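# Coordinate inspection notes
As a plain string of letters, each chain reads:
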Amino acid sequence: MNNNYRRMLQLLEGIKQPVSIPRGSAGFYTDIKRSELGLNFAAKLDGQVHRARMSLTLTADQQVKIIDLVGTQPLIDLENANPLSGQGVSSFLVNTLINTLNNVLPETAVITGRLKAPQSLVLEPLAARRNFWRRFGFDIEGWGEGRERVICELGNLETYAERLLGSELTSGLDLMHQHLID
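What this report covers is the structure whose coordinates are included nearby. The structure presented is a predicted model; accordingly, all values stated were derived computationally and were not measured.

On to unusual backbone geometry. Backbone geometry at Arg34 places phi at a positive 55°, although glycine is not the residue there. Residue Arg34 is classed as exposed on the basis of its relative accessible area of 82%. Positive phi, normally seen in glycine, also occurs at Gln62, with a value near 65°. Mapped onto the elements, Gln62 comes out in the loop between strand S4 (48-58) and strand S5 (64-70). Residue class for Gln62 comes out partly exposed when judged on its relative accessible area of 31%.

This part covers the sheet that holds strand S8 (residues 148-153). Spatially, S1-S2-S3-S4-S5-S6-S8-S7 is the arrangement adopted by the eight strands of the open sheet, whose pairing is mixed. Two strands lie at the open edges of the sheet, namely strand S1 (16-19) and strand S7 (139-142), each paired on one side alone. Across this sheet, the average inter-strand angle for adjacent strands is 20°, counted without regard to direction. Where strand S3 (residues 36-45) and S4 come together, ten bridges link them in antiparallel fashion. Within S4, the residue paired with Leu37 across the bridge is Leu56. Packed onto the sheet, helix H1 (residues 2-12) meets strand S2 (25-33), S3 and S4 and runs at close to 35° relative to S3.

Core analysis: the largest hydrophobic core is formed by 47 residues, its most contacted members being Leu39, Phe41, Leu93, Trp133, Phe138 and Leu165. It is helix H2 (residues 89-102) that provides the largest number of residues to this core, a total of seven residues. Residue contacts for Trp133: discarding those within four places in its chain leaves Met54, Ile66, Leu69, Val94, Leu115, Phe138, Ile140 and Val150.

Cut-offs applied
- Residues numbered from 1 in each chain as written.
- Predicted model: local features only at pLDDT ≥ 70, side-chain atom pairs only at ≥ 80, totals over all residues.
- Heavy atoms only, no water.
- Buried < 20%, exposed > 50% of the residue type's maximum accessible area, 1.4 Å probe, protein only.
- Helix = DSSP H or I, 4+ residues; strand = E, 2+ residues; numbered from the N terminus.
- Pairing = 2+ DSSP bridges.
- Axes fitted to C-alpha atoms, helices over the stretch in contact; angles between N-to-C directions.
- Contact = heavy atoms within 4.5 Å.
- Core = buried A, V, L, I, M, F, W, Y, C linked by side-chain atoms within 4.5 Å.

In structure tokens:
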């Protein structure tokens with residue numbers, strides 16, 4: 001599995017893909033830092049650029065670890081709502097991850113990640129966060145005080161089509177076959 005993961009990193013380095021959205025412009029790109037893969041989404045809305053990112057790595061025990069998913073939380077700061085929150089960006093990134101890994105890793109590969117405690121239980125109810133991850137097939141394990149872990153074998157994960165910033169339903173990108181589509 002280690003060889004497949006490393007080969008995937010080589011193939012995915014430097015991908016840039018425009019993404020169609022109804023208002024504004026958007027794009028998807030990858031970046032690689034050592035063994036960490038970054039899946040990045042950027043959208044220019046109302047003159048401002050907003051970014052979201054999911055990063056992952058392969059652990060020593062051969063699990064794919066989601067390091068973080070940032071940029072889609074309800075607030076940018078304590079006063080300003082985030083225009084990427086609730087707009088399908090997180091689903092787009094998770095779907096892209098599932099589509100891509102399905103082409104490279106065995107169905108038994110374990111995908112896992114720790115969820116940080118939410119900024120506010122009022123703005124991000126734990127039930128909504130759990131439901132988000134469950135719709136892809138992840139199991140949720142509690143770690144106390146709002147911290148949780150998502151875990152699932154790759155073969156049990158499914159994409160979940162959702163509108164991305166008001167566009168048509170999308171199930172993300174398949175990065176391993178993207179060069180065939182361009």
